[in-house]
Amino acid sequence: MTHSLHRKGEPSDLNRDFVVLSMAAQGFNNVQSADKLREIFNIIVKYEPVNYGEVFSGPIFRSSNEEMLKNMKDNSYIHFVFDEQEKVAGFLRELKEADYAMSVVVSGVVEEVKKACEKAGLNMHTVNFSGGILGNTGRLPEASVLEITTMCGHGLISANLVKQMVLDLKKGRGDYREYAIDLAKQCQCGIFNPDRAEKILRRMVDDQ
Amino acid sequence: MYIDQEKCIGCQKCLNYCPVAAIEYSGRSKDQKAYAFINRDECVECAVCYRARVCPTDAFVQEALDWPRILRSAFSDPFNPHKGTNVPGRGTEEMKTTDITNRFPEGTIGIGLEFGRPGIGLRLKETEPVIRRLLESGIKLEPCNPLTELITDENTGQLKTDAANEKVLSAIVEFIAPLEQAEEVFDIIREAAQATETVFSLDIVGKVSADGSIPVMQEVEKAGLRVAPNGKVNVGLGRMVAK
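Keep in mind that this is a model prediction, so the values were computed, not measured.

With that out of the way, let us pick up the overall build of chain A. Scanning chain A from N- to C-terminus turns up 9 helices and 6 strands. Relative to the 2.2 N^0.38 estimate, which gives 17 Å for 208 residues, the radius of gyration of chain A is 17 Å and therefore close to what a compact globule would have. C-alpha atoms of chain A, sized along the principal axes, occupy 50 × 35 × 30 Å. When burial is assessed residue by residue, chain A has 55% of its 208 residues classed as buried. Of the contacts formed within chain A by residues at least 6 apart in sequence, a portion of 75% connects residues at least 24 apart.

Right, here's the structure in full:
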């Protein structure tokens with residue numbers, strides 16, 4: 001029910017991994033909402049996200065601000081990834097003042113998101129909690145691979161690609177940053193955190 | 001999606017990009033050139049291979065899809081808005097806009113069973129047993145959800161026959177129940193976890209009360225479930241202007 005909810009990882013990693021989404025409610029406030037989304041986009045992007053995207057344009061690593069603003073529709077949703085709670089609090093404060101009446105959702109460690117809300121003078125409205133992965137979990141890849149692949153909740157990051165990258169890097173082939181960006185390009189929404197991915201790739205190579 | 005065999009040079013660069021490992025390799029032989037091909041039965045039409053642009057000869061071809069194969073793309077490629085809901089991604093707004101829609105009012109628990117996630121996929125028919133079990137318990141599934149739209153029998157939860165075998169990256173069984181029914185709901189979820197051949201990610205949604213508490217969490221604790229420290233928070237900016 002949500003593509004930014006089930007990110008796996010150590011608490012110390014997740015504490016610096018915030019995903020932000022804004023969209024209109026179809027049938028409620030979607031008419032001419034693209035203009036509001038553009039304004040929200042322009043406010044949030046000032047806070048230097050590590051990745052961002054508009055769903056019809058793709059992530060910034062395959063698109064541009066101009067293209068995203070041009071493609072913005074009344075049913076678009078926009079995403080941003082941040083590594084600092086202060087930045088989240090900063091744009092939430094601005095959005096509260098601007099009062100666009102558009103929904104904004106922040107994924108992250110709930111206690112950290114709560115603190116950001118408090119700094120911005122907001123109260124959490126509704127929380128979606130992850131009850132974990134159930135069922136035939138023997139089919140899942142190892143935990144470290146999941147830390148990377150679950151950063152695209154739509155499941156577009158291939159576990160085999162991650163494993164191949166680790167093998168390459170271990171053999172001295174490829175570049176950590178380039179591989180992390182290549183992974184980020186596969187996530188259409190722009191919610192993949194390439195900085196985290198780079199660190200995880202390094203850890204996976206060191207651990208093998 | 002298919003790979004133009006005339007163009008493919010068998011370099012294998014594309015193989016690992018497929019999230020469900022549906023791109024296969026012919027191997028080399030004296031009699032024929034090596035090439036990659038897509039296992040059409042396993043392919044979920046997510047278009048990752050096409051958009052990755054790793055093919056040096058642009059051999060991937062994204063064709064127009066007919067019913068029911070088009071469901072694979074609708075449930076797997078976030079670029080496509082669902083026709084019924086006009087929402088891209090998995091086609092549901094869930095709690096993202098509840099500050100405007102009041103989709104999850106106080107006294108309720110929201111549940112999402114994200115079948116196929118993370119990264120395993122499913123045949124749509126794999127959701128039928130849990131849908132049937134929920135309907136038997138009087139639970140109504142979220143109507144603005146693309147999977148609910150495929151149900152043809154509201155008593156048995158049977159999906160459209162020609163849709164049932166389509167393979168997709170994920171499909172979400174989504175519903176809202178009274179908080180008093182939470183225990184029964186969690187029992188059904190445990191049964192589903194035992195029975196399914198695939199995986200599902202469990203979403204548990206609760207409104208924050210005026211005093212800052214989240215009543216849904218009391219039910220979660222009572223059921224002996226554990227939730228991750230990270231979650232998804234609607235910060236209430238949509239509520240600030242009345243509908």
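It is worth spelling out the interface of chain B and chain A at this point. Taken together, the contact pairs 69 residues of chain B with 68 residues of chain A. Broken down by secondary-structure element, the contributors of at least two residues to the side of chain B that touches chain A are α1 (48–52), α3 (98–101), β5 (108–115), β8 (171–178), β9 (199–207) and β10 (230–234) of chain B. A per-element tally of the side of chain B that touches chain A places β9 of chain B first, with 9 residues. Broken down by class, the residue content of the side of chain B that touches chain A amounts to 36 nonpolar, 20 polar and 13 charged. Where strand β5 (residues 103–109) of chain A lies against β10 of chain B, 5 bridges are found, and the strand directions are antiparallel. From the neighbouring strand, V109 of chain A faces β10 of chain B, where its bridge partner is N230 of chain B.

Turning our eyes to something else, we now look at the domain arrangement of chain A. Put simply, an interface is often sized by how much accessible area is lost when its parts join up. Residues and elements named next belong to chain A. Each assigned domain of chain A is listed here: domain 1 (11–119) and domain 2 (137–207). When each unit is reduced to the centre of its C-alpha atoms, the spacing between domain 1 and domain 2 is 24 Å. Across the contact, 16 residues belong to domain 1 and 13 residues belong to domain 2. Of all elements in the fold, only β2 (51–54), β3 (58–59) and β4 (77–82) reach the threshold of two or more residues within the side of domain 1 that touches domain 2. With 3 residues, the single largest contributor to the side of domain 1 that touches domain 2 is β2. In the side of domain 1 that touches domain 2, the residues fall into 8 nonpolar, 4 polar and 4 charged.

On to helix α2 (residues 33–45) of chain A, then. Residues and elements named next belong to chain A. The terminal C-alpha atoms of α2 lie 18 Å apart, and with 13 residues this matches the ideal 18 Å at 1.5 Å per residue to within 8%. Three or more residues of α2 are buried, namely S33, L37, I40, F41 and I44. Angular distribution of buried residues about the axis of α2 spans 105°; they occupy a single face of the element. Away from its buried face, by an angle of more than 90 degrees, α2 presents the exposed residues D35 and N42.

Right, let's talk about the packing of helix α4 (residues 85–98) of chain A against helix α5 (residues 110–119) of chain A for a bit. All names here are of chain A. Their axes nearest at 8 Å, the elements α4 and α5 cross at an angle of 40°. The orientation of α4 relative to α5 falls into the category oblique. Relative to α5, α4 is oriented so that their crossing is right-handed. Judged by residue contacts, Q85, V88, A89 and L92 of α4 engage E112, K115, A116, C117 and K119 from α5. Class assignment for the residues of the contact of α4 with α5 results in 5 nonpolar, 1 polar and 3 charged.

Time to look at the pairing of strand β1 (residues 18–23) of chain A. Residues and elements named next belong to chain A. The element β1 is largely enclosed, with a buried count of 6 among its 6 residues. Alternating positions in β1 separate into two faces, F18, V20 and S22 on one and V19, L21 and M23 on the other, with burial throughout. Where β1 and β4 come together, 6 bridges link them in antiparallel fashion. Among the inter-strand pairings, F18 is bridged to a residue of β4, identified as F82. Relative to β5, β1 runs antiparallel, the two being bridged by 5 bridges. Of the residues in β5, the one forming a bridge with M23 is S103.

Calculation notes
Residues numbered from 1 in each chain as written. Chains lettered and ligands numbered in written order. Predicted model: local features only at pLDDT ≥ 70, side-chain atom pairs only at ≥ 80, totals over all residues. Helix = DSSP H or I, 4+ residues; strand = E, 2+ residues; numbered from the N terminus. Rg over C-alpha atoms; globule rule 2.2 N^0.38 Å. Buried ≥ 20, exposed ≤ 12 C-beta atoms within 10 Å, placed from the backbone. Contact = placed C-beta atoms within 7 Å. Nonpolar A, V, L, I, M, F, W, Y, C, P; charged D, E, K, R; others polar. Pairing = 2+ DSSP bridges. Domains from an automatic or database assignment. Expected span 1.5 Å × (residues − 1). Arc of directions from axis to C-beta. Axes fitted to C-alpha atoms, helices over the stretch in contact; angles between N-to-C directions. Parallel < 35°, antiparallel > 145°, perpendicular 65-115°, else oblique. Left-handed = near helix turned anticlockwise from the far one by under 90°.

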